[in-house]
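Here are the chains, one letter per residue:
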Amino acid sequence: MPGKFGTPTDPDYALRLAEFEARIARGEKIEPGDWMPEEYRRQLVRMISQHAHSEVVGMLPEGAWITRAPSLKRKMILIAKVQDEAGHGQYLYHAAETLGISREEMLEALLSGRAKYSSIFNYPTLTWADIGTIGWLVDGAAIKNQTMLAQCSYGPYSRAMVRICAEETFHHKQGKEMVIAYAKGTPKQRQMAQDAINRWWWPALMMLGPHDADSPNSEVLIRWGVKTKSNDTVRQEFINEHAPEILATGLSLPDPELHQDPQGNWRHGPINWEEFWSVVGGNGPMNKERLEARRRAHTEGAWVREALEAYAAKKSPIPMAV
Amino acid sequence: MSPKAQAALIAKLTALADDELILSHRDSEWTGHGPILEEDIALANIAQDELGHASTWLSLRQALDGTDPDRLAFFRDAEEFRCAQLLELPKGDWAFTMLRQYLFDRYELHWLSAATASTYPPVAEAAAKILREERFHLQHTQAWVERLGQGTEESNRRLQAALEGQWGYAQQLFVPLPGEEILVGEGIVPELRRLKEDWLENVTRHLQASGLKLPLPPGYQPHSREHHTEHLWSLLAEMQSVARWDAEARIW
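Residues numbered from 1 in each chain as written. Chains lettered and ligands numbered in written order. Predicted model: local features only at pLDDT ≥ 70, side-chain atom pairs only at ≥ 80, totals over all residues. Heavy atoms only, no water.

**Student:** Looking at this structure, I do not really get the packing of helix α2 (residues 38-63) of chain A against helix α4 (residues 103-111) of chain A. What am I missing?
**Tutor:** A pair of packed helices can be characterised by two numbers: the angle between their axes and the separation between those axes. All names here are of chain A. In the contact formed by α2 and α4, the axes pass within 11 Å of each other and the chain directions differ by 65 degrees. Our classification of the angle between α2 and α4 gives roughly perpendicular. Viewed along their axes, α2 and α4 form a crossing whose handedness is right-handed. Residue-level contacts link S49, H53 and V57 of α2 to M106, L107 and L110 of α4. Classifying every residue of the contact of α2 with α4 gives four nonpolar, two polar and no charged. (Axes fitted to C-alpha atoms, helices over the stretch in contact; angles between N-to-C directions. Helix = DSSP H or I, 4+ residues; strand = E, 2+ residues; numbered from the N terminus. Parallel < 35°, antiparallel > 145°, perpendicular 65-115°, else oblique. Left-handed = near helix turned anticlockwise from the far one by under 90°. Contact = heavy atoms within 4.5 Å. Nonpolar A, V, L, I, M, F, W, Y, C, P; charged D, E, K, R; others polar.)

So, in structure tokens, the structure goes:
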């Protein structure tokens with residue numbers, strides 16, 4: 001779509017930018033093919049593709065427990081949940097494609113290690129209770145973020161979020177139900193649930209991004225209606241919902257400074273941002289394994305994709321007999 | 001139903017469920033590791049369907065003898081399982097997985113179509129319901145066999161190798177359980193020997209049209225569902241590890 005992505009050196013840039021910002025201020029959605037600043041496009045490609053990669057990499061920590069799910073019902077739910085994540089990845093890759101980037105380019109960026117994905121998936125899933133905890137905390141945090149992004153000014157991303165949030169709500173619900181059941185279960189189940197909460201609480205807070213003061217992209221993203229709330233605001237919403245619910249199960253949270261302030265907000269103690277940036281920078285416990293698993297699937301699938309292309313080029317399908 | 005027929009039906013329902021459960025397990029191992037994202041979605045869907053079918057057959061058994069489906073799935077040992085050995089084999093490459101699913105889908109389609117006429121209404125109803133899903137599976141796997149068979153030299157070679165590895169095992173799907181003739185006599189389940197001809201004709205035609213070489217040497221053909229491959233023990237050790245981890249746990 002040449003000419004649709006404006007840069008400050010374009011003669012009519014200031015005029016077009018003013019029109020663009022006025023549209024956003026009126027609450028209109030920007031659609032594929034509309035004029036938009038190149039920087040708006042760049043930021044959206046970055047965010048949507050990161051989001052898609054997060055869904056795809058996010059299949060790994062949970063997918064690893066499908067073969068060990070302890071009941072027929074849990075097994076069914078977990079396969080469906082991981083399948084949903086693949087579906088979200090596919091949907092988001094398509095949303096990013098509307099901005100003129102191909103899935104192959106995005107995959108290449110992921111597999112080469114250039115593209116980022118949510119740092120939360122670089123933590124290991126050590127026990128079965130992690131599956132419930134991921135649903136409750138990680139999907140819970142994701143829903144807060146995605147509900148905000150459903151208001152996003154870019155139409156395809158906004159609509160993707162509406163649809164994805166609906167499914168994530170089920171993921172959240174089954175996770176919460178599981179952790180509550182184990183909190184009321186045997187001593188071993190309870191201990192397993194507590195251990196999982198202890199390990200996932202801080203990474204869940206971190207996954208909502210750095211504090212506003214340290215978030216380099218936030219200002220322009222808010223002005224252009226890509227983000228409609230700051231990281232700290234979304235984080236506060238997440239804690240206000242989840243902290244009291246977890247404490248109500250009788251499980252504890254691994255933050256001795258956690259308390260409710262006079263306004264009713266649950267205040268957390270200091271977040272270990274050193275750990276966050278270290279994981280983002282590639283030094284989390286699972287960064288190398290996650291990327292390696294994606295690369296292996298891609299490499300081992302190469303002959304399959306080649307066969308598909310060769311077959312499509314021949315086009316002599318056998319009449320279907322079912 | 002006579003006590004003898006009931007015992008035979010319980011055994012048959014268990015074997016049907018075990019086939020689905022173990023196949024679902026093998027398919028689900030691909031989730032997150034498929035060759036393209038769309039296939040992660042499709043195969044996860046098939047794995048869910050097969051798991052759902054296992055639950056259906058186990059609930060039919062539960063109606064007869066009251067056994068809890070989860071106890072059967074997660075607390076039986078390998079020698080108590082009655083799955084066919086084909087379904088226990090490790091997932092292999094994409095050609096191996098798609099071919100196994102195809103051979104099994106084709107067998108199931110014949111079995112279910114015939115079983116919709118069962119004189120035992122719960123079997124007839126379950127078969128009709130499952131049949132609707134199995135048609136989609138067969139469309140999907142049949143198309144994959146064709147694409148891989150006619151794709152590249154490598155995909156054809158891999159598919160041919162998978163076929164040679166699975167052909168003998170697939171024949172076990174048509175070996176009746178001890179006592180199954182009572183059920184056939186009462187019209188409760190179809191006779192496997194008669195289904196086999198249709199199956200053989202259909203798969204031979206499709207495999208040959210897809211560029212595969214048949215006939216094949218018989219290979220190893222397992223007979224009794226009381227015997228298993230060396231893979232089943234470790235598959236169950238993994239599958240049952242959480243359920244058996246806490247002896248006191250009543251709810252998972």
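Structure shown, so let's carry the discussion forward.
**Student:** Please clarify how the packing of α2 of chain A against helix α3 (residues 72-97) of chain A should be interpreted in this entry.
**Tutor:** Residue and element names in this part refer to chain A. Viewed as axis vectors pointing N to C, α2 and α3 meet at an angle of 165 degrees, and their least axial separation amounts to 8 Å. Here α2 is positioned roughly antiparallel relative to α3, judged by the angle of their axes. Of the two possible hands of crossing, α2 and α3 adopt the one that is left-handed. Here I48, H51, A52, H53, E55, V56, G58, M59, E62 and G63 of α2 come into contact with α3, specifically with L78, K81, V82, E85, A86, H88, G89, L92, Y93, A95 and A96.

**Student:** I keep staring at the layout of surface pockets and nothing clicks. Help me out?
**Tutor:** The rolling of a water-molecule-sized probe over the atoms marks out the regions of remaining empty space. All names here are of chain A. Of the volumes computed, that of the second largest pocket is approximately 530 Å³. When residues of the lining of the second largest pocket are traced back to their parent elements, those giving at least two are α2, α11 (287-300) and α12 (302-314). Looking at the lining of the second largest pocket, the element that brings in the most residues is α11, giving six residues. Taken together, the residues that form the lining of the second largest pocket break down as eleven nonpolar, seven polar and nine charged. (1 Å grid on protein atoms, 1.4 Å probe; cavity = no way out; pocket = protein on both sides within 12 Å on 5 of 7 lines; lining within 4 Å. Points joined across faces, edges and corners; volume = space filled by probe spheres on them.)

**Student:** Sorry if this is basic, but what is going on with the packing of aromatic side chains here?
**Tutor:** In this description, an aromatic ring pair is defined by two values, namely the gap between the centres and the angle between the planes. In the structure shown here, the tally under the stated rule is 21 aromatic pairs over all chains. Here the aromatic rings of F104 of chain B and Y107 of chain B are separated by 5.4 Å at their centres, their planes lie at 55 degrees, and the arrangement is tilted. Placement of the pair is F104 of chain B and Y107 of chain B together in helix α4 (residues 94-115), with a separation of three residues, close to one helical turn. Each member of the pair, F104 of chain B together with Y107 of chain B, is buried. The interplanar angle of 50 degrees and the centroid separation of 5.0 Å between the aromatic rings of F174 of chain B and W199 of chain B together place this pair among those described as tilted. Within this pair, whereas F174 of chain B is found in the loop between α6 (153-171) and α7 (180-185), its partner W199 of chain B is found in helix α8 (residues 192-209), the two being separated by 25 residues in sequence. Following the ring pairs from residue to residue traces out a cluster consisting of Y13, F20, W35, Y40, Y154 and W224 of chain A. One residue, R68 of chain A, lies across the ring of W65 of chain A, its end atom 3.6 Å from the ring centre. The side chain of K91 of chain B reaches across the aromatic face of W30 of chain B, ending 4.8 Å from its centre. (Phe/Tyr/Trp six-rings, centres within 6.5 Å; stacked < 30°, edge-to-face > 60°. Buried < 20%, exposed > 50% of the residue type's maximum accessible area, 1.4 Å probe, protein only. Lys NZ or Arg CZ within 6 Å of the ring centre and 35° of its normal.)

**Student:** Is there a simple way to think about a negative patch on the surface in this case?
**Tutor:** Residues and elements named next belong to chain A. Taken together, E104, E105, E306 and E309 make up a surface patch of like negative charges. Looking at the negative patch, the elements with two or more residues in it are α4 and α12. Position of E105 among the secondary structure elements: in helix α4. (Patch = residues over 30% accessible without salt bridge, like charges linked within 9 Å, V, L, I, M, F, W, Y side chains within 5 Å. Areas by Shrake-Rupley, 256 points an atom, 1.4 Å probe, with all protein chains shown as cover. Salt bridge = Lys/Arg side-chain N within 4 Å of Asp/Glu carboxyl O. Lys, Arg positive; Asp, Glu negative; His and termini not counted. Charge placed at Lys NZ, Arg CZ, Asp CG, Glu CD.)

**Student:** Just to check I follow, could you spell out the interface of chain A and chain B for this structure?
**Tutor:** Many structure descriptions define interface size as the accessible area lost when the parts assemble. Taken together, the contact between chain A and chain B spans 49 residues of the former and 60 residues of the latter. Summed over both sides, the interface between chain A and chain B buries roughly 4700 Å², with carbon and sulfur atoms accounting for 66% of that surface. Taken together, the links from chain A to chain B amount to one salt bridge. A salt bridge links R103 of chain A to E38 of chain B; the nearest nitrogen and oxygen atoms lie 2.5 Å apart. (Buried area = accessible area lost by both parts, 1.4 Å probe.)

**Student:** Just to check I follow, could you spell out empty space enclosed by the protein for this structure?
**Tutor:** Residue and element names in this part refer to chain B. Across all of its chains, the model carries two cavities of 30 Å³ or more by this definition. Contributing to the lining of the largest cavity are K12, A15, L16, D19, Y107, L173, V175, P176, L177, E180, L192 and R225. The greatest single-element share of the lining of the largest cavity, amounting to four residues, is contributed by helix α1 (residues 3-28). Looking at side-chain class alone, the lining of the largest cavity contains eight nonpolar, no polar and four charged residues. In this structure, the second largest cavity is lined by L16, D19, E20, W57, F104, Y107, E108, W111 and L112. Taken together, the elements giving at least two residues each to the lining of the second largest cavity come down to α1 and α4. The element best represented in the lining of the second largest cavity is α4, accounting for five residues. Of the residues assigned to the lining of the second largest cavity, the class counts are six nonpolar, no polar and three charged.

**Student:** How do you make sense of α4 of chain A when you look at a structure like this?
**Tutor:** One full turn of an α-helix is made of 3.6 residues, so residues set three or four places apart face in the same direction. Looking at α4 of chain A, one finds that the buried residues are R103, M106, A109, L110 and L111 of chain A. Among the structural elements, α2, α3 and α11 of chain A together with α2 (37-65) of chain B are those in contact with the buried residues of α4 of chain A. G113 of chain A lies just past α4 of chain A and shows a positive phi near 90 degrees.

**Student:** Got a minute to help me understand the side chain of N156 of chain B in this structure?
**Tutor:** Residues and elements named next belong to chain B. Position of N156 relative to the elements: it lies in helix α6. Under the relative-accessibility criterion, N156 is labelled buried at 17%. If we ignore the near neighbours within four places in the chain, the residues touching N156 are L148, G149, S210, G211 and L212.

**Student:** What is the right way to look at the nonpolar core in this model?
**Tutor:** Across soluble globular proteins, you tend to see nonpolar side chains buried next to one another. Within the largest apolar cluster, 174 residues are counted, with the highest numbers of intra-cluster contacts made by W128, Y154, Y157 and W201 of chain A together with W57, W111 and L207 of chain B. With 13 residues, α4 of chain B is the single largest residue contributor to this core. In this structure Y157 of chain A touches L44, M47, I48, H51, L92, L149 and C152 of chain A, once residues within four positions along its chain are discounted. (Core = buried A, V, L, I, M, F, W, Y, C linked by side-chain atoms within 4.5 Å.)

**Student:** Would you take a moment to explain the environment of D130 of chain A for this structure?
**Tutor:** All names here are of chain A. Within the secondary structure layout, D130 lies in helix α5 (residues 129-149). Discounting chain neighbours no more than four positions away, the residues touching D130 are P124, T125, A196, R199 and W200. In this structure the side chain of D130 is engaged in a polar contact, spanning 2.9 Å, whose partner is the backbone nitrogen of L126. (Polar contact = N/O pair within 3.5 Å; in protein donor to acceptor, adjacent residues only side chain to side chain.)

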